[in-house]
Amino acid sequence: MKRGQISLDFLFAVTLIALTMVNLVYIANSERSHAETFDTATKLKIFSVDVRDSLTKVYAAGNGFTLRKEAPFTLQGGDYINITLSPVDNLINMTAVVGGETYRVVQKSPVPILRESSVKLTPENPEFYITAQYNETEGRLYVRVSS
Amino acid sequence: MLFITAVLLTGILLVVPPYLNENRTTSVVVYVRNSASNACAYLNTGVVVNGSEYTPLNKIIEADNYTYGGFQVAGISSTESAGGITVNVRIAYTSSGLPKESLQGNITAFIKNDLVSKTNIKVNNGKLYLNGKELEINVSVVRR
């Protein structure tokens, strides 16, 4: 047997292996973009649950209590997170633009939201406050977000 | 020498097409599986991402009030015939109050779009084709 014959055989084996490899790389690559979006979406979901729980905590603590919260990840230029407490249906609406994509999460608030308030987190200003305020004339406790 | 080369080449001609064929079927199942599990993960997060590729799934999330739906790929199977490849995907979920038909339709739409945009699968007259072979995707949903 000459050497050339073995190498020809070998070459084809390599081609077939390469084909499989290319396929694998292709699949991995297509997975990545999904994973990146999923990563941000999950972080925002956790953040929305965190805000909901904080809201309850502040409401339970009562008049004058303030909690300072921060954006869950470092915001780049152009990114923002908008948090709105809506008295309609008692909802916490969160809209975020991260890396050019818009994300939206909605959480039901377990405590009453009596007045609409909203805050926008930007790279320059990534923190906000959740405050409880007692209104004596109405006898009701207001919770609101502010920067 | 020439004879041996001829034998080798014939052997290669015999081996390569079935290999590629097998490779293709496996790839298709993997692609569909990936798309389906991506769809489930997306639905479970309950976060709406504005992008045309997510439009079908966003409808489901909005109908489900942005909550966790417990979506999960319960099984996948494929059958190959002369006409093409059929892939059956079974998806289980726990959330109540979601109409089955629209679930099925929206998830199928997402998987098809995802396949067309991420792989070399082409769409023609609403049917999927991979290298000229027809590809059929059936999604069935079951509530646990």
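The structure this text deals with has already been given above.
Notes on the structure in this doc start here. (Residues numbered from 1 in each chain as written. Chains lettered and ligands numbered in written order. Predicted model: local features only at pLDDT ≥ 70, side-chain atom pairs only at ≥ 80, totals over all residues. Heavy atoms only, no water.)

**Looking at the nonpolar core**
Which entries qualify depends on this criterion: In this text, buried Ala, Val, Leu, Ile, Met, Phe, Trp, Tyr and Cys residues form a nonpolar core when linked through side-chain atoms within 4.5 Å. Under the scheme applied here, a residue whose accessible area is under 20% of the maximum for its type counts as buried, over 50% as exposed, and between as partly exposed, the area being computed with a 1.4 Å probe on protein chains only. Here a strand is any run of E in DSSP of at least two residues, a helix any run of H or I of at least four, and the numbering for each starts at the N terminus.
By size, the foremost hydrophobic cluster in this structure holds 67 residues, and its most contacted members are Ile 81, Ile 83, Leu 121 and Phe 128 of chain A together with Phe 71, Ile 107 and Ile 111 of chain B. Element by element, the count of residues in this core is highest for helix α1 (residues 2–45) of chain B, at eight residues.

**Considerations on the interface of chain A and chain B**
Quick reminder of the rule: Residue contacts are defined here by distance: any two heavy atoms, one from each residue, within 4.5 Å place the two residues in contact. Joining two parts hides part of their accessible area as seen by a 1.4 Å probe, and the buried area is that hidden amount summed over both. Criterion for a salt bridge: a side-chain nitrogen of Lys or Arg within 4 Å of a carboxyl oxygen of Asp or Glu. Polar contact is defined as a pair of N or O atoms within 3.5 Å, subject to the rule that within protein one atom must be able to donate a hydrogen and the other to accept it, and that residues adjacent in sequence are counted only when both atoms are side-chain atoms.
The partner chain B presents 30 residues to the 25 residues of chain A that form the contact. At the boundary of chain A with chain B, total buried surface from both sides reaches about 2600 Å², with 61% on carbon and sulfur atoms. Counting the contacts that link chain A with chain B gives one salt bridge. Note that Glu 62 of chain B and Arg 104 of chain A form a salt bridge whose closest N and O atoms lie 3.9 Å from each other. Counting across the chain A and chain B interface gives eight residue pairs in polar contact (both at pLDDT 80 or more). Counting residues per element, the ones that place at least two in the side of chain A that touches chain B are α1 (3–61) and β4 (101–108) of chain A.

**Quick look at the packing of aromatic side chains**
We apply this condition: Note on ring pairs: Phe, Tyr and Trp rings are taken, using the six-membered ring of Trp, and paired if centres are within 6.5 Å. Classes follow the plane angle, with under 30 degrees stacked, over 60 edge-to-face and the rest tilted. Lysine NZ or arginine CZ positioned within 6 Å of the ring centre and within 35 degrees of the ring normal marks a charge as sitting over the ring.
Under the defined criterion, the tally for this structure stands at four aromatic pairs over all chains. Between Phe 47 of chain A and Phe 128 of chain A, the aromatic rings sit 6.3 Å apart at their centres with planes inclined by 90°, giving edge-to-face as the arrangement. In this pair, Phe 47 of chain A sits in helix α1 while Phe 128 of chain A sits in strand β6 (residues 127–135), placing the two residues 81 residues apart along the sequence. Centroid distance Tyr 54 of chain B to Phe 110 of chain B: 6.1 Å. Interplanar angle 20°. Geometry classified as stacked. With Tyr 54 of chain B in the loop between β1 (48–50) and α2 (55–63) and Phe 110 of chain B in helix α3 (residues 100–118), this residue pair connects regions lying 56 residues apart in the sequence. Judged by its relative accessible area of 3%, Tyr 54 of chain B is buried. Classification of Phe 110 of chain B as buried rests on a relative accessible area of 1%. Here the aromatic residues Tyr 42, Tyr 54 and Phe 110 of chain B are joined through ring pairs into a cluster of three or more. We note Arg 115 of chain A situated over the ring of Tyr 142 of chain A; from NZ or CZ to the ring centre the distance is 4.5 Å. Taking NZ or CZ as reference, Lys 120 of chain A lies 4.3 Å from the ring centre of Tyr 80 of chain A, over its face.

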